[in-house]
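Structural description and commentary
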Amino acid sequence: MSIAHKMEEFISRSSWIRKMFEEGAKLKAEYGAEKVFDFSLGNPNLPPPARFQEALVAVAEEEAPGVHAYMPNTGLGETRRAVAEFLKTEQQVSISPDDIIMTCGAAGALNVILKAVLDPGDEVISPAPFFVEYGFYADNHGGTLKTVPTNADFTLDLAGLEAAVTEKTKVVLINSPNNPTGQIYSAESLAALGKMLSEKSRAYGKTIYLVSDEPYRKIVFDGIDVPSIFHAYSEAILVTSYSKDISIPGERLGFLAVHPDAADKAKLLGAMALANRILGFVNAPALMQRVVARLQGVQVDISAYARKRDLLCSGLAECGYDFVQPPGAFYLFPRSPIPDDVAFVRELQKELILVVPGSGFGGPGHFRIAFCVEDETITGAMPGFKRVMEKFK
Ligand SMILES: Cc1ncc(COP(=O)(O)O)c(C=O)c1O
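First, a word on what this report is: a plain description of the structure on this page. (Residues numbered from 1 in each chain as written. Predicted model: local features only at pLDDT ≥ 70, side-chain atom pairs only at ≥ 80, totals over all residues.)

Examining the packing of helix 11 (residues 302-319) against helix 13 (residues 375-392)
With their axes 9 Å apart at the nearest point, helix 11 and helix 13 run at an angle of 15° to one another. Considered as vectors, helix 11 and helix 13 are oriented roughly parallel to each other. Of the two elements, helix 11 crosses helix 13, and the hand of that crossing is right-handed. In contact with K308, L311, L312, G315, L316 and C319 of helix 11, helix 13 contributes D375, I378, T379, M382, F385, K386 and M389. Partitioned by chemical class, the residues of the contact of helix 11 with helix 13 number eight nonpolar, two polar and three charged. (Axes fitted to C-alpha atoms, helices over the stretch in contact; angles between N-to-C directions. Helix = DSSP H or I, 4+ residues; strand = E, 2+ residues; numbered from the N terminus. Parallel < 35°, antiparallel > 145°, perpendicular 65-115°, else oblique. Left-handed = near helix turned anticlockwise from the far one by under 90°. Contact = placed C-beta atoms within 7 Å. Nonpolar A, V, L, I, M, F, W, Y, C, P; charged D, E, K, R; others polar.)

Some thoughts on the pairing of strand 3 (residues 123-128)
Burial within strand 3 is extensive, with six of its six residues counted as buried. Along strand 3, one buried face is formed by E123, I125 and P127 and the opposite face, lined by V124, S126 and A128, is buried too. In terms of strand pairing, strand 3 meets strand 4 (residues 144-149) through six bridges, oriented parallel. Among the inter-strand pairings, S126 is bridged to a residue of strand 4, identified as T147. (Buried ≥ 20, exposed ≤ 12 C-beta atoms within 10 Å, placed from the backbone. Pairing = 2+ DSSP bridges.)

Quick look at the site of the ligand
As a structural note, the neighbourhood of the ligand is formed by 13 residues, with G105, A106, A107, S241 and S243 the closest of them. With three residues, helix 5 (residues 105-117) is the largest single contributor of residues to the shell around the ligand. Class assignment of the residues belonging to the shell around the ligand gives a composition of five nonpolar, seven polar and one charged. (Near = placed C-beta within 6 Å.)

With respect to the sheet that holds strand 11 (residues 356-357)
Strand order in this open sheet of three strands is 9-12-11, and the pairing throughout is antiparallel. Each edge of the sheet is formed by a strand with only one pairing partner; in this case those strands are strand 9 (331-332) and strand 11. Alignment of strand 9 against strand 12 (residues 367-370), held across two bridges, turns out to be antiparallel. Looking at the pairing, Y331 lines up with A370 of strand 12.

Quick look at helix 12 (residues 341-350)
D341, F344, V345 and L348 are the residues of helix 12 that are buried. Seen along its axis, helix 12 keeps its buried residues to an arc of 100°; they face one direction. Helix 12 presents A343 and K350 as exposed residues on the side facing more than 90 degrees away from its buried surface. Close packing links the buried residues of helix 12 with strand 10 (353-354), strand 11, strand 12 and helix 13. Looking one or two places after helix 12, you find L352, whose phi comes out positive at around 65°. (Arc of directions from axis to C-beta.)

This is the structure we're talking about:
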């Protein structure tokens, strides 16, 4: 065998999202792209805001010695200063540029954190359903992912989380607004989680970190605010990126920010800066760092995603689907009308509708619809959604 046994196994159970995307490509070749309703990928369909293009051009024209050179592993000072200024308002904390590390997307940030804090056999706890790559990221750094089901409305099951924490727990990893459910965790639930983690950390004589993965923080509807984890717990690390909120996932830029009062902060930041380097990222993309330094507070037109959510929710409710209306992100996670979500997804596929089985996210009995698509894809798919639902009513 040419590749590692573990990778053979990972490939065989790797992302349902990719599988559906690849099957979608086949269907599109067979039937024509316009006949296929592809809700499989969380690839934002809105273009980046006009100011992104302007900033990109301006930065490209500012040739100066060293602009393409290696830099400190934590990122450019000007960018971290701009991010810190923005976070002071967004998070209502007094954070310094030195508390921030620029990363290759949220995915890069999560790997940097786990590399820095996990010892072999340590556990990372995450509420389920969850972003499926978390399991691979924990494994990348010798850890294991342990999942705890959320409540039926996808809010945090605090008692379940508490029962799952052991002396092996090093990280509790949450994601709000959530992929795949769109749920946002309340300030009260975060405060209770923070209190529980302080008590457990004290009881086990170690630090359990709370890592909050928030690439969808700015994609929220109905005027809802995403509460800051920094007000819930001091051993907290915020992770985010510009992938979704300015629609540049291919550019690979994000950052992590450590709570200004975290104990052992200097050591933690030093370990993460080194992890950024030795994981092979070295530093986050230079050009994009200079661009986003000018774009703090800029985001895509969220009202377009709100419209798509409403179109999808009203259409599916009329067909008889059962779901929790998502307050954020661009995903809907309806209940499958039959227990076997994979079989249900196959039925939708016969109507050329591509969605992802909930089992792929640790949420069996559901399926995920990524509604970052054209409005016409949503309206065009409704008759198919209806016909499939009628088969199982
Ligand atoms: C919950 C979650 N975390 C992390 C990522 C990775 O994002 P990035 O492109 O910023 O690495 C994604 C991407 O879809 C995601 O949904």
